[in-house]
Amino acid sequence: MRTLASANLSWEPLAWMSFMGNVSYDREDGQTRQYVAKGTPLGVGVVDPSDGSLSYSNLLNDAFNGEAQVSLRRDIGLLNIRTTVRGLVERTSLQRSLASGQDFLVGGVPSLDAATVKNSTSSKEEVRSLGYLWDTAFDYDGKYILTGLIRRDGSSLFGVDNRWHTYYRLAGAYRLAEEPWFNVPHVDEFKVSVARGTAGGRPTFDNQYETWQVSQTGVSKGFLGNSELAPEHTSETEVSLEMILFGRLGVELTQSWSRTTDQLAEVNVPTFTGYTFQWKNGGAVEGNTTELTVQASLYDRPDFGWTSMFVFDRSDATMVEWPFPCFRPSHRVWCEGENLYGVYGTRFLDSLEPLCAPYPTESVTYPDSPHHGGL
């Protein structure tokens, strides 16, 4: 079952001042039940029937979001100034529970009490976030545009000793097509933009906490907590060129360069701590992206329109700093000098024949790589 609710409020007491508020609520309730009776045939060719299984699961997920802002506008001759101050609050809660049993003692009794093997698990996650931002834009004569933004974010996903972080953006644009001396035929818009800004990638819910693993055999230590855990920090510079040709062909070319520090990594910790892993910040990634977008209005009539878009995108990124021991999660390698888009396999192929031959049953050992530790 899904419950959605939202409310919006806007008020403009003066021509140069306006207020806006928004609140929304989203709740999802889910329940599932799966039952396989004892003695149920498992399929063709399977002699022994099922010993039966039963599982129940419950899900409760709700989210509350709210924001309020005030906008101020002022015209001074050809200069237009707009300032926005905004506050945001987010709250999410996720609860899960699962109970299951299998191998029934008797048939026809869909109860967990009748199962010889029982399992249960439950979890609860709550996330709180606050944010404040100040955004100011200057527009002079529709040709020169400058915007600046500063934002302060706090989240319960950050370490308890590192709750708040500040981000910014500074951007400018120059519309050459609005200049009186710009008279290039069939060019209706020609705009150059430059922007510089920062952003952060949040840790997941359990990254900052000390965790223990509890089972029927006892309690063992899991992850060592980190009260200083911070979000990843990305700084990016972007340059773009936007044109409109012949009144119906739009072309936008963008080049960006980024550097991300404080990478979130699961690393080993000394054995004397009693723990095996800890989430830490460290390392840096540098990358660049080139993007080309071409959009054309091929046919435009009151009763029919046809617009097509072509997008080309190429990205590259390299781990330029990595203060931890190199490791390989799945098919990627985290190590200084490695390309983040590289994919590694577990076998070396020197011909196409192994792709057609049966999979070998004997084990194959390959020599360790001096750089990647036996990948």
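Residues numbered from 1 in each chain as written. Predicted model: local features only at pLDDT ≥ 70, side-chain atom pairs only at ≥ 80, totals over all residues. Heavy atoms only, no water.

With respect to the overall build of the protein chain
The line we're drawing: Where helices and strands are cited, they refer to DSSP runs of H or I of at least four residues and of E of at least two residues respectively, numbered from the N terminus. Two things to know: the radius of gyration comes from C-alpha atoms, and the globule rule equals 2.2 Å times the number of residues to the power 0.38. Exposure classes here rest on a 1.4 Å probe applied to the protein chains alone. A residue is buried below 20% of its type maximum, exposed above 50%, and partly exposed in between.
Within the protein chain, the regular secondary structure consists of 1 helix and 17 strands. Whereas a compact globule of 375 residues would reach a radius of gyration of roughly 21 Å, the protein chain reaches 29 Å, over 25% beyond that. For the protein chain, the spread of C-alpha atoms along the three principal axes comes to 85 × 60 × 60 Å. The burial tally for the protein chain puts 25% of its 375 residues in the buried class.

Details of the pattern of salt bridges
Heads up, the rule is: A pairing counts as a salt bridge when a side-chain nitrogen of Lys or Arg comes within 4 Å of a carboxyl oxygen of Asp or Glu.
As enumerated under the stated definition, the model contains 18 salt bridges in all. Put simply, Lys143 and Asp141 hold a salt bridge, and the shortest N to O gap is 3.4 Å. Note on Asp141: relative accessible area 35%, which makes it partly exposed. Taking the shortest distance from any N to any O, the salt bridge between Arg259 and Glu286 comes out at 2.5 Å. Residue Arg259 is located in strand E13 (residues 249-261), and its partner Glu286 is located in strand E16 (residues 284-301); the two are separated by 27 residues in the primary sequence. Classification of Glu286 as partly exposed rests on a relative accessible area of 38%.

Description of the side chain of Asn22
Heads up, the rule is: Pairs of N or O atoms within 3.5 Å make up the polar contacts considered here, provided that, within protein, one atom can donate a hydrogen while the other can accept it, and that residues adjacent in sequence are counted only when both atoms are side-chain atoms. By definition in these notes, contact holds between two residues if any of their heavy atoms fall within 4.5 Å.
With respect to the helices and strands, Asn22 occurs in strand E2 (residues 17-36). Among the polar contacts made by the side chain of Asn22, one reaches the side chain of Asn8 at a distance of 2.5 Å. Not counting chain neighbours up to four residues away, the residues in contact with Asn22 comprise Ala7, Asn8, Asn65, Gly66 and Glu67.

Section: the sheet that holds strand E3 (residues 53-76)
Rules: Criterion used throughout: strands pair if DSSP finds at least two bridges between them. To get an axis, fit a line to the C-alpha atoms, keeping to the stretch in contact for a helix; angles then go from 0 to 180 degrees between the N-to-C directions.
Ordered by their spatial adjacency, 12 strands build an open sheet running E1-E2-E3-E4-E5-E6-E7-E8-E12-E13-E16-E17, and the pairing between neighbours is antiparallel. Where the open sheet ends on each side, the last strands, each with one partner, are strand E1 (2-14) and strand E17 (304-321). Taking the axes of each pair of neighbouring strands and ignoring which way they run, one obtains an average angle of 10 degrees across the sheet. Pairing of E3 with strand E4 (residues 79-104) involves 24 bridges; the strand directions are antiparallel. What sits directly across from Ser55, in E4, is Ser100.

Quick notes on a nonpolar patch on the surface
This is how it is decided: Here, patches come from residues exposed beyond 30% relative accessible area and free of salt bridges, joined within 9 Å for like charges and within 5 Å for nonpolar side chains (Val, Leu, Ile, Met, Phe, Trp, Tyr). Note on areas: Shrake-Rupley, 1.4 Å probe, and residue coverage restricted to the protein chains presented here.
Taken together, Val85, Trp134, Phe138, Leu146, Ile150, Tyr168 and Leu170 make up a surface patch of nonpolar side chains, about 640 Å² in accessible area. Those elements giving two or more residues to the nonpolar patch turn out to be strand E5 (115-140), strand E6 (144-155) and strand E7 (164-175). Looking at the secondary structure, you find Phe138 in strand E5.

Some remarks on the sheet that holds strand E11 (residues 223-224)
In any sheet, the strands associate via hydrogen bonds between backbone groups, in a parallel or an antiparallel arrangement. Overall, mixed pairing links the 3 strands, which are arranged E11-E15-E14 in an open sheet. The strands lining the two open edges of the sheet, one partner per strand, are E11 and strand E14 (264-268). The pairing of E11 with strand E15 (residues 277-281) spans 2 bridges and is classified as parallel. Bridging from a neighbouring strand, Phe223 pairs with Phe277 of E15.

Focus: the pairing of E3
Relative to E3, E2 runs antiparallel, the two being bridged by 20 bridges. Opposite Ser24, over in E3, you have Asn65 as the bridge partner. The turn linking E3 back onto E4 is made up of 2 residues, and Gly77 within it adopts a positive phi angle of 65 degrees.

Points about the packing of aromatic side chains
To keep it simple, the criterion reads: What counts as a ring pair is set by centres within 6.5 Å for rings of Phe, Tyr and Trp (its six-membered ring), and what kind of pair is set by the plane angle: stacked under 30 degrees, edge-to-face over 60, tilted for all other angles. When the NZ atom of lysine or the CZ atom of arginine is within 6 Å of a ring's centre and also within 35 degrees of its normal, the charge is said to sit over that ring.
Scanning the entire structure with this criterion turns up 12 aromatic pairs. On the basis of an interplanar angle of 35 degrees and a centroid distance of 5.8 Å, the ring pair of Phe182 and Phe190 is categorised as tilted. Chaining the aromatic ring pairs together yields one cluster made of Tyr140, Tyr144 and Tyr174. The aromatic ring of Tyr299 is capped on one face by Arg301, whose charged end is 5.0 Å from the ring centroid.

Regarding unusual backbone geometry
For Asp141, which is not a glycine, the phi torsion comes out positive at approximately 60 degrees. Among the structural elements, Asp141 can be located in the loop between E5 and E6. The phi dihedral of Asp262 is positive, around 55 degrees, even though this residue is not glycine. Here Asp262 lies in the loop between E13 and E14.

Things to note about the nonpolar core
Just so we agree on the cut-off: Side-chain atoms within 4.5 Å are what join buried Ala, Val, Leu, Ile, Met, Phe, Trp, Tyr and Cys residues into a set we call a nonpolar core.
Listed in full, the 7 residues of the largest apolar core are Ala265, Val267, Val285, Ala317, Met319, Trp322 and Phe324. Only E14 and E17 provide two or more residues apiece to this core. Those residues in contact with Ala265, other than ones at most four positions away along the chain, are Gln278, Trp279, Lys280, Trp322 and Phe324.

Section: the environment of Tyr344
In this fold, Tyr344 is placed in the loop between E17 and helix H1 (353-356). Under the relative-accessibility criterion, Tyr344 is labelled partly exposed at 26%. Along the sequence, Tyr344 and Ser193 sit 151 residues apart, while their C-alpha atoms lie 38 Å from each other.

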